[in-house]
Structures are given as C-alpha cells and as structure tokens.
Amino acid sequence: MKRILIIYTGGTIGMIQNAETGALEAFNFEHIRQHLPELKQFDFNIDSYQFESPIDSSDMEPSLWVKLVDIIEENYAKYDGFVILHGTDTMSYTASALSFMLENLTKPVILTGSQLPIGVMRTDGRENLITSIEIAAATDAKGHAIVPEVCIFFGQCLYRGNRTTKKNSEQFNAFRSYNYPPLAQAGISISYADKFIHIPDFSKPLITHKNFDTNVLALTLFPGIQQQLIENVVKMKDIKGIILRTFGSGNAPSKQWFTDALTRATAEGKVIVNITQCQNGSVEMSLYKTGMLLLQAGIVSGHDMTVESAVTKLMILLGQGLSPEEVRKQMSTSIAGEISITGNKETK
Ligand code: ASP
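So, how was this worked out
Residues numbered from 1 in each chain as written. Predicted model: local features only at pLDDT ≥ 70, side-chain atom pairs only at ≥ 80, totals over all residues. Heavy atoms only, no water. Helix = DSSP H or I, 4+ residues; strand = E, 2+ residues; numbered from the N terminus. Expected span 1.5 Å × (residues − 1). Buried < 20%, exposed > 50% of the residue type's maximum accessible area, 1.4 Å probe, protein only. Near = heavy atom within 4 Å. Polar contact = N/O pair within 3.5 Å; in protein donor to acceptor, adjacent residues only side chain to side chain. Nonpolar A, V, L, I, M, F, W, Y, C, P; charged D, E, K, R; others polar. Pairing = 2+ DSSP bridges. Axes fitted to C-alpha atoms, helices over the stretch in contact; angles between N-to-C directions. Right-handed = clockwise from strand over helix to strand, strands pointing away. Salt bridge = Lys/Arg side-chain N within 4 Å of Asp/Glu carboxyl O. Contact = heavy atoms within 4.5 Å. Parallel < 35°, antiparallel > 145°, perpendicular 65-115°, else oblique. Core = buried A, V, L, I, M, F, W, Y, C linked by side-chain atoms within 4.5 Å. Left-handed = near helix turned anticlockwise from the far one by under 90°.

Enquirer: Requested: an account of helix α4 (residues 125-137), with residues and values cited.
Expert: Between its first and last C-alpha, α4 extends 18 Å over 13 residues, near the 18 Å set by a 1.5 Å rise per residue. When you tally the buried positions in α4, you get 10 out of 13 residues, the bulk of the element. Looking only at α4, the buried set comprises Gly125, Asn128, Leu129, Ile130, Thr131, Ser132, Ile133, Ile135, Ala136 and Ala137.

Enquirer: Run through the site of the ligand, naming residues and quoting values.
Expert: Taken together, Gly11, Thr12, Asp56, Ser57, Gly87, Thr88, Asp89 and Ser114 make up the full set of residues adjacent to the ligand. With respect to the ligand, the side chain of Asp56 contributes an N or O atom lying 2.9 Å from a nitrogen atom. Between the ligand and the protein, one listed contact pairs an oxygen atom with a backbone N or O atom of Ser114 at 3.5 Å. Residue composition of the shell around the ligand, grouped by class: no nonpolar, 6 polar and 2 charged.

Enquirer: Let's hear about the sheet that holds strand β12 (residues 184-186): which residues, and what values?
Expert: Read from one edge of the open sheet, 8 strands run β4-β1-β5-β7-β8-β9-β12-β13, paired in mixed fashion. Whereas interior strands pair on both sides, the edge strands pair on one side only; in this sheet they are β4 (44-55) and β13 (190-192). Taking each pair of neighbouring strands and ignoring which way they run, the sheet shows an average axis angle of 20°. As judged from the 5 bridges shared by strand β1 (residues 2-10) and strand β5 (residues 81-85), these two strands associate in the parallel manner. From the neighbouring strand, Ile4 faces β5, where its bridge partner is Gly81.

Enquirer: Outline the pairing of strand β17 (residues 271-276), listing residues and values.
Expert: Most of β17 sits out of view: 6 of its 6 residues are buried. Residues Val271, Val273 and Ile275 of β17 are buried on one face, and the alternating residues Ile272, Asn274 and Thr276, pointing to the opposite face, are buried as well. For strand β16 (residues 241-246) and β17, the ladder comprises 6 bridges, and the chain directions are parallel. Note that in β17 the partner of Thr246 across the bridge is Thr276. Running through helix α6 (residues 256-267), the crossover from β16 to the neighbouring parallel element β17 is right-handed. In this structure, β17 lies alongside strand β18 (residues 300-301), joined through 2 bridges in parallel fashion.

Enquirer: Which residues make up the pattern of salt bridges, and what values go with them?
Expert: Tallied over the entire structure, the rule returns 11 salt bridges. In this structure, Arg160 engages Glu149 in a salt bridge whose closest nitrogen and oxygen atoms are separated by 2.7 Å. Here the residue Arg160 occupies a position in strand β9 (residues 157-160), and Glu149 occupies one in the loop between α4 and β8 (150-154), the gap between them amounting to 11 residues. Here Arg160 matches Glu149 in class, with each residue buried. One salt bridge in this structure joins Glu338 and Lys313, with 2.6 Å as the shortest N-O distance. A residue pair is termed long-range when its members are at least 10 positions apart, and Glu338 in the segment after α9 (324-331) and Lys313 in helix α8 (residues 307-319) qualify at 25 residues. You'll find Glu338 and Lys313 in the same group, each marked buried. A single salt-bridge network, built from bridges that share partners, covers Asp70, Glu73 and Lys210.

Enquirer: Could you give an account of the side chain of Ser96, with specific residues and numbers?
Expert: Structurally, Ser96 is set in helix α3 (residues 91-101). Take Ser96: its relative accessible area is 0%, and that puts it in the buried class. A distance of 2.7 Å separates a polar side-chain atom of Ser96 from the backbone oxygen of Ser92. Excluding residues that lie within four positions of it along the chain, Ser96 makes contacts with Gly161, Asn162, Glu308, Ser309 and Thr312.

Enquirer: Give me the lowdown on the packing of helix α5 (residues 227-234) against α6, citing residues and values where you can.
Expert: It is at 9 Å that the axes of α5 and α6 come closest, and there the two elements cross at 5°. Between α5 and α6, the angle is such that the two are roughly parallel. In this structure, α5 uses Gln227, Ile230, Glu231 and Val234 to contact α6, whose residues at the interface are Trp257, Phe258, Ala261, Leu262, Arg264 and Ala265. Here the residues of the contact of α5 with α6 sort into 7 nonpolar, 1 polar and 2 charged.

Enquirer: Describe in detail the nonpolar core, supporting the description with residues and values.
Expert: Within soluble globular proteins, side chains that are nonpolar generally end up buried alongside one another. Of all hydrophobic cores here, the largest spans 53 residues; its most connected members are Leu98, Met101, Leu102, Val109 and Met331. If you tally residues by element for this core, the top one is α8, at 8 residues. Residues in contact with Met331, not counting those within four places in the same chain, are Ile243, Val273, Val300, Ser301, Gly302, Met305, Ala310, Lys313, Leu314, Leu317 and Ile339. Phe44, Ile46, Ile110 and Phe153 belong to the second-largest nonpolar core, a separate cluster that totals 32 residues.

Enquirer: Before we move on, can you summarise α9 with the specific residues and values?
Expert: What α9 keeps buried is the set Val327, Arg328, Gln330 and Met331. The inward-facing, buried residues of α9 abut β16, α6, β17, β18 and α8.

Enquirer: Which residues make up the packing of helix α2 (residues 62-75) against α3, and what values go with them?
Expert: The relative placement of two packed helices is expressed as an angle between their axes plus a distance between the axes. Packing of α2 against α3 brings their axes to within 10 Å, and their N-to-C directions diverge by 55°. On the basis of their axis angle, the class for α2 and α3 is oblique. Between α2 and α3 the crossing geometry is right-handed. Where α2 approaches α3, its residues Trp65, Val66, Leu68 and Val69 are matched on the opposing element by Tyr93, Thr94, Ala97, Leu98 and Met101.

Okay, here's the thing in structure tokens:
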C-alpha cells in the first residue's frame, strides 16, 4: 500500500465552517478522513503531521523551511510521497527553498493550498488536496515516482515549484509558471508532461541543506530611483547579496554613479544577481549597452529565475559559506531546474 504524509503548515485551506455558527475554525488534520470521506477511496495509507501552531504563510521563515526538511528527512524512507498544505501567499518561496534544500530528491513533495477554506461549500481545497495526494503517490512501471520534484499543484496544474509565482489573489488559478511548462494537467485523468519532469539518479541518497544566510535583499529598479538610496543600500555592511530586479532583458540606468556603486559593491565581495521584472523571458546583459555596463560591474545573470527562486537560492548558497565567486557561479547555473539555459553569452 502506498504511504503518503500530509504536512499541514497553515493557510486558508485548513479552515472549516462550523455548520451551526457559520464561523471558520481550524481543521483538525488528524481527523482528515472523517472530514474528507473521499480519501477513503484511495487505497493509500495517509498520515498527517500538523504544525503545533498553524501559520498564515506571511509568517513563513527559513527556520520553518528547516523544520519541513527535518520532517521530510525523518520520514523519507517511510513514505512514498509528501503533500504540504501551505498558505498561498508565500507558497512559491517555500517551494523554491525546498527545491534547493533537498538535493537528489527521488520522491514527490507537492505543495498545495486553496483560495477558499476546505470547509466551505465552493472550496477549491478538496480538489487540490485530493489530486496532490494522487500525484504524490503516482509511480511508473519500475515503481519510481512519476514526479520526483518539489512541485505546486493548484487549479488543475502541476508546476515545478521553483518556477512558480502567485499571480492572482482572487481566482482559483492562483499560480503560474511563466518560464517553464506545467509538469502535469489534471482533467478527467492526470496527464503528465514526461519530457519536462526531472528524472534523478534514484540510487543517490538524499542530501539536505539547512543553513541560510538571510543577509540578502531584492531591489526593484524604477525610473527616478535615487542615487542616495542605491548608494546606501549597496554599502550596507551586513548585506552579502542583492537580487537586482532590472528592466526588460536585464537593463538598468547607465548613469555613472549607478555603475560605480555596483562596481564597488561587487569588488567588496557582495554578490549581485540580475533578474528581470518581466514575468516572461530571460536576462541577456550583452544585448544593450545598459545591460553591458552591469556585466562590467561584476553583476551576474540570474537568467529567467523568478524572484522567489533567486532570493531563496542566494540565502542557501551564502549559508553554505561558499566564496563570493562560487556563489556567483552557482547563481548563474541551474541547480534544481530553476533556470532555462538559453545559450546566451553570459552562460557560456
Ligand atoms: N493569507 C493566506 C496565507 O497565505 C492566504 C492563503 O492561504 O491562501 O496563509
């Protein structure tokens, strides 16, 4: 019998409406089968683990990512797959972080949640949870997991977690993966896009990374951004890495003070990574002079990484105590399928 562990962290999905008072109350996942009788139709052994104090995902933080990884690691041999119930607001950050923390992952880790509480009539939570369990348990003829990745399942689509962004706070299709195709679509049956799913070496053991350095910053450029602001930000002593959200294909103001400030920061050992504010597409600093200047300032390309991926990856790489040069190299390389290498100049 397949064994699935559901880990409940909090978020809207875990609410149930008291039929008498109409009030929303926390759902007890220990009695999950009682509340969701559909689960009895699965021929699986489903256990659950509940955070002592379920959180709104705006309170998510690296120590809780470590806790999630600890739970997965301790139960890795016992279960075929893991389903993490999580608030939607920061789900993409958690999915990205876990993808970097769980090296050589050979089992599915599926994050899901809902826009409406599981205990209200029109909830999207039931469908999201039931399909996530099915995906977490799906194996091929050899008995290997069909999707051995950290994913988000939401609104009928399965996405690679570190490619996702929350794009809608009202509709049921809350997530989107702008630069990578969905790994599966759930219709009458679940149709897996095999060629986009990463196949790991199933013989390798799981390696976990649990150290974070949170001295990072994501800085969004805008026309009119002040010289003093840039200069003060880049010279902050504790900041070790900056995700610079630039324009278009990776362009920034060509003013001398701007390039000088960034050049000084990189010379001091700060890692500055260029990602674009556009949802679709990649950074190509060699396309325009304004991008070229960034390249000369020692800034590295994050290619088509999402901001969620770039921030969590930078914290994890810095947490490993690597040299700035090594962190820069890895920020520009795909380590968990978070970057599409397009073959542009910066990647060669
Ligand atoms: N604020 C909630 C959270 O992220 C929203 C949700 O669950 O969708 O925890």
